[in-house]
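# Structure assessment
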Amino acid sequence: MSLQTTVKHGPGSIELPRGPSPLVKAHELLFAHFERPDLDKAEAYLCDFGLVRAEKSDNELFMRGAGPKPYIYRITRGPRARFLGLGLSVSEAENLETLAKAFGSRVECAGGPGGGFVVRLRDPQGIEVEVLHGMTPSTPLPVRPPIQHNAPTHIVRVNDTQRPKFEPPQVTKLGHLVLETPDFDRSVRWYIDTFGFIPSDVMCLPDGTPIGSFMRLDRGAEPTDHHTLFVSTGLESKVDHVAFEVIDLDAVEMGQQVMMANSYRHAWGVGRHLLGSQIFDYWRDPWGQKHEHYADGDLFDADQPPGYHLMDREGLYQWGPDLPDDFIDARLTARRLWNLLKIAANDRARFRRMLALKDSLSRPSRKWQR
Ligand SMILES: [Fe+2]
């Protein structure tokens, strides 16, 4: 059998084209922003996960990785546990003016570690997108070098051992966010046309209709991660998971040991994804939010054309345990039911696509894992 899930795409198929002239080009993914009722509890989880405190006050917590970004995770104290937004950077100060003018916003001084200037936008689903320029980078923290592996044809270690430390894996950066939206077409176009995101691999229903897109930053000839943003069809606007890069497979696996030792709730892994190729492991924070450790992902430059693939469980991984049934939260809460009823009443085609997606994802994957 084949793990390839490419769907036929040709004349007459629905394409997900690049933005011919995006408003600006996002340069980096900077941070994820959450509201949490307990900053201490949030910090304890993130420290075990491998982040480091950058700054903390009564109402704000900023966490960093080992890289030069002043922070990659921001938490604001509040009554609810919810995703608030994300931060992107642009490489030119004029880009902020362009965005402010286009969206009727303004350029302000950014608070928080690193300072700089910011324009605050809302995506079509109301998620706050803070676009920054001019942050002062922090001094990177030392990171252990990646482990070199002995292979029968490539001996690199003699009279020596492999003993990675039992400690939280060093998070090197925030790698990607997965956003769910009840209006995929509108949301995905907004990110493509506003920030120049490039579809790397597009997930489709069996009839070829796109319903999810892995997207990367456009940095021309400079290779960038296969995806910095994955926008996918969902019953409500939310973040499915936030993903953090670690140095290698041993860091992913030792991270699992540390998270197990601290009795956190495991979500999925260790395995290797198909699209993007990352070795992954997912853990839930005290409020159920999924956080991914990953290593060894693909990098594409801007020339790489998109792939089109069937959205099903089979296509989510190459090896590892099967996708747990509770990984994708499809419970029909009152808000989701209300969203679904609105879509059923106003947009039959979109309603049918949602049912087809549910059907596709609920089909069992590999028979040897049932
Ligand atoms: Fe991921």
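Quick caveat: nothing in here was measured; it's all calculated off a predicted structure.

## Description of the sheet that holds strand 17 (residues 290-295)
Two pairing modes exist for strands in a sheet, parallel and antiparallel, and in both the strands are linked by backbone hydrogen bonds. The strand order across the open sheet built from nine strands is 15-16-17-14-9-13-11-10-19, with neighbouring strands paired in mixed fashion. The open sheet has two free edges, formed respectively by strand 15 (265-272) and strand 19 (307-310), since each of these has just one partner strand. Recorded for the sheet is a direction-independent mean angle of 20° between the axes of neighbouring strands. Bridge count for strand 11 (residues 210-216) against strand 13 (residues 229-233) is four bridges, and the pairing is antiparallel. Bridge assignment links S213 to a residue of strand 13, and that residue is V231. Against the sheet, helix 1 (residues 39-49) makes contact with strand 14 (238-245), strand 16 (279-284) and strand 17, and its axis sits at roughly 15° relative to strand 17, the strand it touches most.

## Digging into the coordination of the iron ion
Looking at the iron ion, the protein donor atoms are H176 (NE2), H241 (NE2) and E292 (OE), and they sit 2.1 to 2.2 Å from it. In terms of primary sequence, the donors binding the iron ion are separated according to H-x64-H-x50-E. In this pair, H176 is assigned in strand 9 (residues 173-181) and H241 in strand 14, connecting sequence segments 65 residues apart. Accessibility assignment for this pair places H176 and H241 in one class, buried.

## Quick notes on the pattern of salt bridges
One pass over the structure, following the stated rule, counts 31 salt bridges. Its salt-bridge partner being E28, residue K69 comes within 3.4 Å of it at the nearest N-O pair. Taken as a pair, K69 in the loop between strand 3 (60-64) and strand 4 (73-77) and E28 in strand 1 (residues 26-36) lie far apart in primary sequence, 41 residues in all. Among the residues examined, E28 registers a relative accessible area of 23% and is labelled partly exposed. R120 serves as the salt-bridge partner of E108, at 3.1 Å between the closest nitrogen and oxygen. Remark: R120 occurs in strand 7 (residues 117-122) and E108 occurs in strand 6 (residues 107-109); sequence separation between them is twelve residues. Classification of E108 by relative accessible area gives partly exposed; the value is 24%. Residues joined by salt bridges that share partners form a network here, namely E60, R74, R106, E108, R120 and E130.

## Things to note about the packing of aromatic side chains
If you walk through the whole model with that rule in mind, you get 20 aromatic pairs. A centroid spacing of 5.3 Å and a plane angle of 20° characterise the contact between F34 and Y73, whose relative ring orientation is stacked. One end of the pair, F34, is in strand 1; the other, Y73, is in strand 4, with 39 residues separating them in the sequence. Its relative accessible area of 0% is what places F34 among the buried residues. A relative accessible area of 1% places Y73 in the buried class. Seen from their ring centres, F280 and Y282 are 5.5 Å apart, and the 55° between their planes marks the pair as tilted.

## Considerations on the UniProt feature "domain: VOC" (unreviewed entry) in the protein
Following the UniProt record, one finds the feature "domain: VOC" (unreviewed entry) at residues 28-134 and 173-296. Helix makes up 20% of residues 173-296 and strand 47%, with an end-to-end C-alpha separation of 13 Å.

## Considerations on unusual backbone geometry
For the peptide bond that leads from G269 to V270, omega is -5°, which places it in the cis range. Locating V270 in the fold gives a position in strand 15. The residue N159 is not glycine, and still its phi comes out positive at about 55°. For N159, a relative accessible area of 83% translates into the label exposed.

## Examining helix 1
Buried within helix 1 are the following residues: L39, A42, E43, Y45, L46, D48 and F49. Near the N-terminus of helix 1, the side chain that reaches the backbone nitrogen of D40, with its oxygen 3.0 Å away, is that of D38. Of the residues one or two after helix 1, G50 is the one with positive phi, at around 125°.

## Considering the packing of helix 5 (residues 334-346) against helix 6 (residues 348-362)
In the contact formed by helix 5 and helix 6, the axes pass within 6 Å of each other and the chain directions differ by 130°. Relative to helix 6, helix 5 is oriented oblique. For the pair formed by helix 5 and helix 6, the contact residues are L340, I343, A344 and N346 on the first element and R348, R350, F351 and M354 on the second. Classifying every residue of the contact of helix 5 with helix 6 by side-chain character gives five nonpolar, one polar and two charged.

## Description of the sheet that holds strand 2 (residues 52-56)
As summarised here, the arrangement of the eight strands in space is 2-3-4-1-5-8-7-6, forming an open sheet in which the pairing is mixed. On the outer flanks of this sheet lie strand 2 and strand 6, each paired with one strand and no other. Geometrically, the sheet is characterised by an average inter-axis angle of 30° between neighbouring strands, direction not taken into account. Bridging between strand 2 and strand 3 involves four bridges; their strand directions are antiparallel. Bridge assignment links K56 to a residue of strand 3, and that residue is L61. Packed on one face of the sheet, helix 3 (residues 184-195) meets strand 1, strand 5 (82-90), strand 7 and strand 8 (128-133) and runs near 15° to strand 8.

## Thoughts on the nonpolar core
Among the nonpolar cores identified, the biggest contains 59 residues, and L51, F83, L86, L177, Y191, F195 and F244 are the most heavily contacted of them. Top contributing element to this core by residue count: helix 3, with six residues. Ignoring any residue separated from it by four or fewer positions in sequence, one finds L86 in contact with L29, F31, I127, E128, V129, E130, L177, L179 and Y191. Listed in part, the eleven residues of the second largest apolar core include F230, M311, L357 and L361.

Definitions and limits used
- Residues numbered from 1 in each chain as written.
- Predicted model: local features only at pLDDT ≥ 70, side-chain atom pairs only at ≥ 80, totals over all residues.
- Heavy atoms only, no water.
- Pairing = 2+ DSSP bridges.
- Helix = DSSP H or I, 4+ residues; strand = E, 2+ residues; numbered from the N terminus.
- Axes fitted to C-alpha atoms, helices over the stretch in contact; angles between N-to-C directions.
- Contact = heavy atoms within 4.5 Å.
- Donors = N, O, S within 2.8 Å, 3.2 Å for Na, K, Ca; no water.
- Buried < 20%, exposed > 50% of the residue type's maximum accessible area, 1.4 Å probe, protein only.
- Salt bridge = Lys/Arg side-chain N within 4 Å of Asp/Glu carboxyl O.
- Phe/Tyr/Trp six-rings, centres within 6.5 Å; stacked < 30°, edge-to-face > 60°.
- UniProt positions renumbered as here; feature names shortened; annotations may be inferred.
- Polar contact = N/O pair within 3.5 Å; in protein donor to acceptor, adjacent residues only side chain to side chain.
- Parallel < 35°, antiparallel > 145°, perpendicular 65-115°, else oblique.
- Nonpolar A, V, L, I, M, F, W, Y, C, P; charged D, E, K, R; others polar.
- Core = buried A, V, L, I, M, F, W, Y, C linked by side-chain atoms within 4.5 Å.

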